[in-house]
Protein chains: 2
Amino acid sequence: MDSEIFKRFLEEKGQRLTKERSVILREAFACEGHFDPETLYADMKRRGMKASRASVYRTLSLLCECGLVEKVSKTEHGTIYEQRHGRQHHDHMVCLSCGKVIEFYSEHLEKLQDAICREKNFTGKSHTLEIRGYCGVCASHHDSEGENANDR
Amino acid sequence: MDSEIFKRFLEEKGQRLTKERSVILREAFACEGHFDPETLYADMKRRGMKASRASVYRTLSLLCECGLVEKVSKTEHGTIYEQRHGRQHHDHMVCLSCGKVIEFYSEHLEKLQDAICREKNFTGKSHTLEIRGYCGVCASHHDSEGENANDR
DNA sequence: CTATCCATTGAGATTGAGTCTCAATATATT
DNA sequence: AATATATTGAGACTCAATCTCAATGGATAG
Ligand SMILES: [Zn+2]
Ligand SMILES: [Zn+2]
Ligand SMILES: [Zn+2]
Ligand SMILES: [Zn+2]
């Protein structure tokens with residue numbers, strides 16, 4: 001179970017899996033997909049769970065450290081995380097119009113990056129690839145209004 | 001020249017290339033490589049140039065809009081921009097230890113992304129690929145100190 | 001059980017990037 | 001000159017994220 005992994009990780013550091021940390025872990029894993037700390041915190045609060053904003057941030061940090069959670073990207077509205085345990089690595093397409101996030105994975109693409117790293121004598125540990133553009137639905141709407149896709 | 005492009009872009013929008021905008025454009029292009037607004041502003045101020053923080057941000061926005069400058073990524077210390085005119089698109093490797101940024105470009109990688117977009121019926125407009133890890137110099141130092149499970 | 005140690009918590013203060021407001025100013029048009 | 005519109009900058013404001021620190025609580029030693 002996830003909390004077992006977290007617990008072991010914490011104990012190795014001489015730290016404890018407290019009630020607060022458990023709750024935050026559970027909530028983070030409850031949202032299948034992407035989440036941000038502020039929303040997570042607000043949701044927890046609304047549902048009457050007790051955990052401070054500080055603890056949310058602190059715990060997410062720990063969860064990242066032990067690999068159960070990962071920072072996906074930073075936006076103007078804060079950092080986006082996602083649950084990582086048992087999920088395959090993937091990259092993202094983000095629709096500039098509706099905000100939809102499409103996940104994808106390409107073995108080929110990953111291999112290619114490894115090759116490039118080798119070439120540059122760089123030891124890659126992680127990466128983020130974000131492709132911005134328009135999803136199928138929005139692309140059709142967007143066609144008509146000409147080039148310069150930087151509005152709204 | 002760059003300011004000609006900017007001027008034309010502005011005029012098309014019924015706006016003017018003012019003295020402030022000129023200075024900011026010049027300064028942004030002066031730093032070969034990456035820069036962030038706060039540093040740019042501080043440097044300009046230190047060197048006695050007159051342009052407010054607000055103008056720096058506003059102008060960078062405009063420069064992005066017309067493609068002369070591009071947002072490279074968001075870090076915990078703010079947004080990183082780079083000058084784009086006359087420079088080929090490229091992606092980045094960032095050393096987690098010394099902060100060095102290595103630029104690279106791979107035709108193959110770009111083509112592959114196009115293919116993936118097609119496959120997902122997504123109209124890609126731009127992308128950012130950031131590979132985090134350790135550069136040659138730091139990798140050797142880092143070997144010995146184990147831990148830090150910042151896996152992928 | 002009591003004393004001590006140390007991790008943890010949470011309320012609120014603080015930081016810092018980025019945006020917004022608005023009165024003053026500059027430029028263009030008539 | 002008068003009017004209209006674009007621009008600027010000081011500073012207020014927003015908001016994510018971090019920091020501070022007194023209070024709490026679990027673990028362990030005596
Ligand atoms: Zn990937
Ligand atoms: Zn994802
Ligand atoms: Zn690329
Ligand atoms: Zn670059």
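For the structure itself, consult the block above.
Residues numbered from 1 in each chain as written. Chains lettered and ligands numbered in written order. Predicted model: local features only at pLDDT ≥ 70, side-chain atom pairs only at ≥ 80, totals over all residues. Heavy atoms only, no water.

**Student:** Tell me about the interface of chain A and chain B, residues and numbers included.
**Tutor:** Of the residues lining the interface, 45 residues belong to chain A; the matching set on chain B comes to 41 residues. A combined buried area of about 3800 Å² lies between chain A and chain B, and 60% of that area is made up of carbon and sulfur atoms. When the buried surface of chain A facing chain B is broken down by residue, Phe122, Lys125 and Arg132 of chain A rank first, second and third, together holding 17% of it. Taken together, chain A and chain B are joined by two salt bridges. Here glutamate 76 of chain B makes a salt bridge to lysine 74 of chain A, at a shortest N to O gap of 3.9 Å. Our count for the contact surface shared by chain A and chain B stands at 13 residue pairs in polar contact (both at pLDDT 80 or more). Ranked by residue count, the leading element in the side of chain A that touches chain B is strand E6 (residues 123–134) of chain A, at twelve residues. Here the residues of the side of chain A that touches chain B sort into 16 nonpolar, 15 polar and 14 charged. (Contact = heavy atoms within 4.5 Å. Buried area = accessible area lost by both parts, 1.4 Å probe. Salt bridge = Lys/Arg side-chain N within 4 Å of Asp/Glu carboxyl O. Polar contact = N/O pair within 3.5 Å; in protein donor to acceptor, adjacent residues only side chain to side chain. Helix = DSSP H or I, 4+ residues; strand = E, 2+ residues; numbered from the N terminus. Nonpolar A, V, L, I, M, F, W, Y, C, P; charged D, E, K, R; others polar.)

**Student:** Before we move on, can you summarise helix H1 (residues 2–12) of chain B with the specific residues and values?
**Tutor:** Residues and elements named next belong to chain B. Turning to H1, its buried residues are Phe6, Phe9 and Leu10. In a view along the axis of H1, the buried residues occupy a sector of 95°, so they form one face of it. Summarising the contacts, the buried residues of H1 are in contact with helix H2 (19–30) and helix H4 (53–65). Backbone geometry just downstream of H1 places glycine 14 in the positive-phi region, at approximately 75°. (Buried < 20%, exposed > 50% of the residue type's maximum accessible area, 1.4 Å probe, protein only. Arc of directions from axis to C-beta.)

**Student:** Provide a residue-level description of the coordination of the zinc ion (ligand 2), including the pertinent values.
**Tutor:** Residue and element names in this part refer to chain A. Distances from the zinc ion (ligand 2) to its protein donors, His34 (NE2), Glu82 (OE), His90 (NE2), His92 (NE2) and Glu103 (OE), fall within 2.1 to 2.2 Å. Using a relative accessible area of 9% as the deciding quantity, one classes histidine 90 as buried. Glutamate 103 gets classed as partly exposed once you look at its relative accessible area, which sits at 26%. (Donors = N, O, S within 2.8 Å, 3.2 Å for Na, K, Ca; no water.)

**Student:** Give a detailed account of the coordination of the zinc ion (ligand 1), specifying residues and quantitative values.
**Tutor:** All names here are of chain A. At the metal site, the zinc ion (ligand 1) is ligated by His89 (NE2), Asp91 (OD), Asp91 (OD), Glu110 (OE) and His127 (NE2), and these contacts range over 2.0 to 2.8 Å. Within one chain, the residues serving as donors to the zinc ion (ligand 1) are arranged as H-x1-D-x18-E-x16-H. Here glutamate 110 lies in helix H5 (residues 107–120) and histidine 89 lies in the loop between strand E3 (78–83) and strand E4 (91–95), a separation of 21 residues in the sequence.

**Student:** Before we move on, could you go through the packing of aromatic side chains and cite the residues and values that matter?
**Tutor:** In this structure the tally under the stated criterion is four aromatic pairs over all chains. Aromatic side chains phenylalanine 6 of chain A and phenylalanine 9 of chain A sit 6.5 Å apart centroid to centroid with 10° between the ring planes, which places their arrangement in the stacked category. Placement of both phenylalanine 6 of chain A and phenylalanine 9 of chain A in helix H1 (residues 2–12) is noted, with a separation of three residues, approximately one turn of the helix. Taking the centre distance of 5.9 Å and the plane angle of 15° together, the rings of phenylalanine 35 of chain B and tyrosine 81 of chain B count as stacked. One end of the pair, phenylalanine 35 of chain B, is in strand E1 (residues 34–35); the other, tyrosine 81 of chain B, is in strand E3 (residues 78–83), with 46 residues separating them in the sequence. According to the relative accessible area criterion, phenylalanine 35 of chain B is buried, its value standing at 7%. (Phe/Tyr/Trp six-rings, centres within 6.5 Å; stacked < 30°, edge-to-face > 60°.)

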